[in-house]
Amino acid sequence: MNKIILTTNKVKYIKGDQIDREKWDRCIVNAVNGNICAYSWFLDIMCNGWDGLVAGDYGYIMPLSVSRRFGIEYLLQ
């Protein structure tokens, strides 16, 4: 079984168009609790725009579904 080792504790906020999709999806494949809703292709279909929180070299990730209404950005759940 492949294990991902987190090399740094730094978490970065990355815009959706700058996310490395291959590394992102590989993290989901290797996750114990991987969910189809976190794959980049699924997020592209379901969200008009999405960003992500990435720890280390995609050791841990968290998608953020960003929306905008009346000029105010907010996260969808």
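Here the structure is a predicted model, which means the values were calculated and not measured.

*Asks:* Got a sec to walk through the nonpolar core? Specific residues and values, please.
*Replies:* Core analysis: the biggest nonpolar cluster contains 12 residues, these being Ile-14, Ile-19, Trp-24, Cys-27, Ile-28, Ala-38, Leu-43, Cys-47, Trp-50, Val-54, Tyr-58 and Ile-61. Broken down by element, this core gets its largest block of residues, three residues, from helix α1 (residues 21–30). Ignoring sequence-local partners within four residues, the contact set of Tyr-58 consists of Ile-14, Gln-18, Ile-19, Asp-20, Lys-23, Trp-24 and Cys-27.

*Asks:* An account of the pairing of strand β2 (residues 49–55) is requested, with residue identities and associated values reported.
*Replies:* When you tally the buried positions in β2, you get five out of seven residues, the bulk of the element. Two strands pair when backbone bridges link them, and β2 and strand β3 (residues 60–69) are joined in this way by seven bridges, in the antiparallel orientation. Considered in β3, the bridge of Gly-52 is made with Pro-63. From the end of β2 to the start of β3, which pair antiparallel, there are four residues, and Gly-56 there has a positive phi angle of about 60°.

*Asks:* Let's hear about unusual backbone geometry: which residues, and what values?
*Replies:* Backbone phi values are negative for most residues with the exception of glycine, while trans is the configuration of most peptide bonds. For Tyr-58, which is not glycine, the phi torsion reads 60° and is therefore positive. Within the fold, Tyr-58 resides in the loop between β2 and β3.

*Asks:* So what's going on with a nonpolar patch on the surface? Which residues, and what values?
*Replies:* Together, Ile-36, Trp-41, Ile-45 and Met-46 make up an exposed nonpolar region whose accessible area comes to about 460 Å². Locating Met-46 in the fold gives a position in helix α2 (residues 40–46).

*Asks:* Please set out the sheet that holds β3 residue by residue, giving values where relevant.
*Replies:* Ordered by their spatial adjacency, four strands build an open sheet running β1-β2-β3-β4, and the pairing between neighbours is antiparallel. Unpaired on one side and paired on the other, β1 (11–14) and β4 (72–75) mark the two borders of the sheet. Averaged over all pairs of adjacent strands, the angle between strand axes in this sheet comes to 30°, irrespective of strand direction. Against the sheet, α1 engages β2 and β3, with an angle of about 115° to β3.

Calculation notes
Residues numbered from 1 in each chain as written. Predicted model: local features only at pLDDT ≥ 70, side-chain atom pairs only at ≥ 80, totals over all residues. Heavy atoms only, no water. Core = buried A, V, L, I, M, F, W, Y, C linked by side-chain atoms within 4.5 Å. Buried < 20%, exposed > 50% of the residue type's maximum accessible area, 1.4 Å probe, protein only. Helix = DSSP H or I, 4+ residues; strand = E, 2+ residues; numbered from the N terminus. Contact = heavy atoms within 4.5 Å. Pairing = 2+ DSSP bridges. Patch = residues over 30% accessible without salt bridge, like charges linked within 9 Å, V, L, I, M, F, W, Y side chains within 5 Å. Areas by Shrake-Rupley, 256 points an atom, 1.4 Å probe, with all protein chains shown as cover. Salt bridge = Lys/Arg side-chain N within 4 Å of Asp/Glu carboxyl O. Axes fitted to C-alpha atoms, helices over the stretch in contact; angles between N-to-C directions.

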